[in-house]
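Chains, contacts and geometry: an overview
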Amino acid sequence: MLRLDGKIAFITGAGSVGEGWGNGRAIAVLLARQGATVFATDIDIAAAEATLAIITGEGGSGAVKRCDMTDGNAVKDAVDDCLARYRRIDILVNNVGGSVPGDPVTMDEAVWDRQMDLNLKTVFLTCKHVLPVMRQQGAGVIVNIASVAGIRDAPDRNYVAYAASKAGVIRISKAIAMANAKVGIRCNAVLPGLMNTPLVTHRLVRDIGGNDAERLIAERNARVPLGRMGDAWDVAHAVLFLVADEARYITATEIVVDGGLTATRS
Ligand SMILES: NC(=O)c1ccc[n+]([C@@H]2O[C@H](COP(=O)([O-])OP(=O)(O)OC[C@H]3O[C@@H](n4cnc5c(N)ncnc54)[C@H](O)[C@@H]3O)[C@@H](O)[C@H]2O)c1
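Procedures and definitions
- Residues numbered from 1 in each chain as written.
- Predicted model: local features only at pLDDT ≥ 70, side-chain atom pairs only at ≥ 80, totals over all residues.
- Heavy atoms only, no water.
- Helix = DSSP H or I, 4+ residues; strand = E, 2+ residues; numbered from the N terminus.
- Rg over C-alpha atoms; globule rule 2.2 N^0.38 Å.
- Contact = heavy atoms within 4.5 Å.
- Areas by Shrake-Rupley, 256 points an atom, 1.4 Å probe, with all protein chains shown as cover.
- Lys, Arg positive; Asp, Glu negative; His and termini not counted.
- Charge placed at Lys NZ, Arg CZ, Asp CG, Glu CD.
- Buried < 20%, exposed > 50% of the residue type's maximum accessible area, 1.4 Å probe, protein only.
- Pairing = 2+ DSSP bridges.
- Right-handed = clockwise from strand over helix to strand, strands pointing away.
- Salt bridge = Lys/Arg side-chain N within 4 Å of Asp/Glu carboxyl O.
- 1 Å grid on protein atoms, 1.4 Å probe; cavity = no way out; pocket = protein on both sides within 12 Å on 5 of 7 lines; lining within 4 Å.
- Points joined across faces, edges and corners; volume = space filled by probe spheres on them.
- Nonpolar A, V, L, I, M, F, W, Y, C, P; charged D, E, K, R; others polar.
- Axes fitted to C-alpha atoms, helices over the stretch in contact; angles between N-to-C directions.
- Parallel < 35°, antiparallel > 145°, perpendicular 65-115°, else oblique.
- Near = heavy atom within 4 Å.
- Polar contact = N/O pair within 3.5 Å; in protein donor to acceptor, adjacent residues only side chain to side chain.
- Core = buried A, V, L, I, M, F, W, Y, C linked by side-chain atoms within 4.5 Å.

**Notes on the overall build of the protein**
- When you go through the protein residue by residue, the secondary structure sums to 8 helices and 7 strands.
- Scaling as 2.2 N^0.38, a compact globule of 266 residues should have a C-alpha radius of gyration of about 18 Å, and the protein matches this with 17 Å.
- Considering only C-alpha atoms, the protein reaches an extent of 50 × 40 × 35 Å along its principal axes.
- Considering only intrachain contacts with a sequence separation of at least 6, the fraction spanning at least 24 residues in the protein is 76%.
- Taken as a whole, the protein presents about 11,900 Å² of accessible surface, with 52% of it coming from carbon and sulfur.
- In the protein, the 29 positive side-chain charges and the 29 negative ones have mean positions that sit 6 Å from each other.

Now the structure itself:
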């Protein structure tokens, strides 16, 4: 079930923003456990190498490439490198992304632009260079990591650029799915909710948590109907399902991984 033997998976942001399991690292390791060969890109090469070390330590295989996924030339170079090594790309997971709080009044224009580049342009750029490969193969599957922020607003916080860019990720996923449905390519989005990844202690505690990690974690847990945040493995398992052949009839849609959060009003 859900085996990926012989598949080449190109995964962006496959490191982790801090020690432990970020979404990108868990996705890379889980897909490798299921038999995929992982081409792991990250702007932080040491983080990607740490992911690859876990994969090879478990008997899997792959390669790493330092790449700023907001840079079109660098993305093309990474795709070319992957093709030179493996000759094909069966799976593309766009995981790079991150949030900066702020509304249009408080947010600098440059921050808005960087959020759009990091969350949305990165998806455009990989698809620009990977879709021709998948079209030639007559097969391929793409999963884009969006966020529940793309469909729902937190009542007490404003993340205007993150919300807009992740809504864009959901829409571009459907548009790509529809444009490529006849040529054997599927494309879907995964929408994580409040996840307990290294991001929480790495950045959120500083940005919105008043430097009190324990309080922030308790507060995030309490907001979720299942009573706790999810983790990177919850995201990774949704990705695994969508990239596997068992999901062959699923395209142009999304899986919400949020413990029921979006069904609540708060
Ligand atoms: N953590 C959450 O609570 C949460 C919730 C909803 C959505 N998400 C989404 O999940 C994805 C992963 O988030 P995460 O918090 O697990 O992070 P993560 O631990 O997967 O780390 C992201 C990785 O991307 C890399 N990266 C950053 N900028 C890059 C760039 N320009 N080019 C290449 N690599 C770059 C970082 O070095 C890091 O290794 C993001 O798209 C995020 O928006 C996360």
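**Let's talk about the pairing of strand S4 (residues 91–94)**
- Side chains Ile91 and Val93 of S4 all project onto a buried face; the interleaved residues Leu92 and Asn94 project onto the opposite face, where all are buried too.
- One ladder, built from 3 bridges, connects strand S1 (residues 8–12) with S4; its direction is parallel. Note on S4: the bridge partner recorded for phenylalanine 10 is leucine 92.
- Summarising the sheet, S4 and strand S5 (residues 140–145) pair through 4 bridges and their orientation is parallel. Bridge pairing in S5 links leucine 92 to isoleucine 142.
- The parallel pair S4 and S5 is bridged by helix H4 (residues 109–137), and the resulting crossover is right-handed.

**What to know about the pattern of salt bridges**
- Scanning all chains against the criterion turns up 11 salt bridges.
- A salt bridge links arginine 85 to aspartate 81; the shortest N-O distance between them is 3.2 Å. Pair noted here: arginine 85 and aspartate 81 are both in helix H3 (residues 72–86), with a separation of 4 residues, about one helical turn.
- Residue arginine 85 is classed as partly exposed on the basis of its relative accessible area, which comes to 46%.
- One salt-bridge network, in which partners are shared between bridges, spans Lys65, Asp77, Asp81 and Arg85.

**As for the layout of surface pockets**
- Roughly 200 Å³ of internal volume is contained in the second largest pocket.
- Every residue lining the second largest pocket is counted, 13 residues in all, and those nearest its centre are Lys7, Ala139, Gly140, Val141 and Asp245.
- Looking at the lining of the second largest pocket residue by residue, the class counts come to 4 nonpolar, 3 polar and 6 charged.

**A word on the sheet that holds S5**
- Reading across the sheet, the 7 strands line up as S3-S2-S1-S4-S5-S6-S7 and stay open at both edges, with parallel pairing between neighbours. Edge positions in the sheet fall to strand S3 (62–66) and strand S7 (254–257), since each of these pairs with one other strand and no more. For this sheet, the mean inter-axis angle between neighbouring strands, taken without regard to orientation, is 15°.
- Lying over the sheet, helix H1 (residues 23–33) contacts S1, strand S2 (37–42), S4, S5 and strand S6 (185–192), oriented at roughly 175° with respect to S1.
- The strands touched by helix H2 (residues 45–57) are S2 and S3; relative to S3, the strand with the most contacts, the crossing angle is about 175°.

**Considering the packing of helix H6 (residues 198–207) against helix H7 (residues 213–222)**
- Interaxial distance between H6 and H7 falls to 10 Å at its minimum, and their mutual angle equals 100°. Judged by the inter-axis angle, H6 sits roughly perpendicular to H7. Contact residues: Val200, Thr201, Leu204 and Val205 in H6; Ala213, Leu216, Ile217 and Arg220 in H7.
- Counted by class, the contact of H6 with H7 contains 6 nonpolar, 1 polar and 1 charged residues.

**Description of the site of the ligand**
- For the ligand, the set of nearby residues contains 30 residues, the closest of which are Asn23, Asp42, Asn95, Tyr162 and Thr197.
- Contact distances for the ligand include 2.8 Å between an oxygen atom and a backbone N or O atom of asparagine 23.
- When the free accessible area of the ligand is taken as 820 Å², the share hidden by the protein chains comes to 93%.
- If you list the elements that add at least two residues to the shell around the ligand, you get H1 and helix H5 (160–180).

**Considering the nonpolar core**
- Core analysis: the largest hydrophobic core is formed by 45 residues, its most contacted members being Phe10, Ile89 and Ile142.
- Only S1, H3, H4, H5, S6 and H6 provide two or more residues apiece to this core.
- Residue contributions to this core peak at 7 residues, all from H4.
- Ignoring any residue separated from it by four or fewer positions in sequence, one finds isoleucine 89 in contact with Ile8, Phe10, Val79, Cys82, Leu83, Val130, Val133, Met134 and Gln137.
- Counting residues in each nonpolar core, the second largest holds 37 residues, with Ala14, Ile55, Ile91 and Leu240 among its members.

**Brief notes about the side chain of threonine 122**
- Mapping threonine 122 onto the fold places it in helix H4.
- Only 2.7 Å separates the side chain of threonine 122 from the backbone oxygen of leucine 118, close enough to count as a polar contact.
- Excluding anything up to four places from it in sequence, threonine 122 contacts Met69, Thr70, Asn94, Val96 and Asp117.

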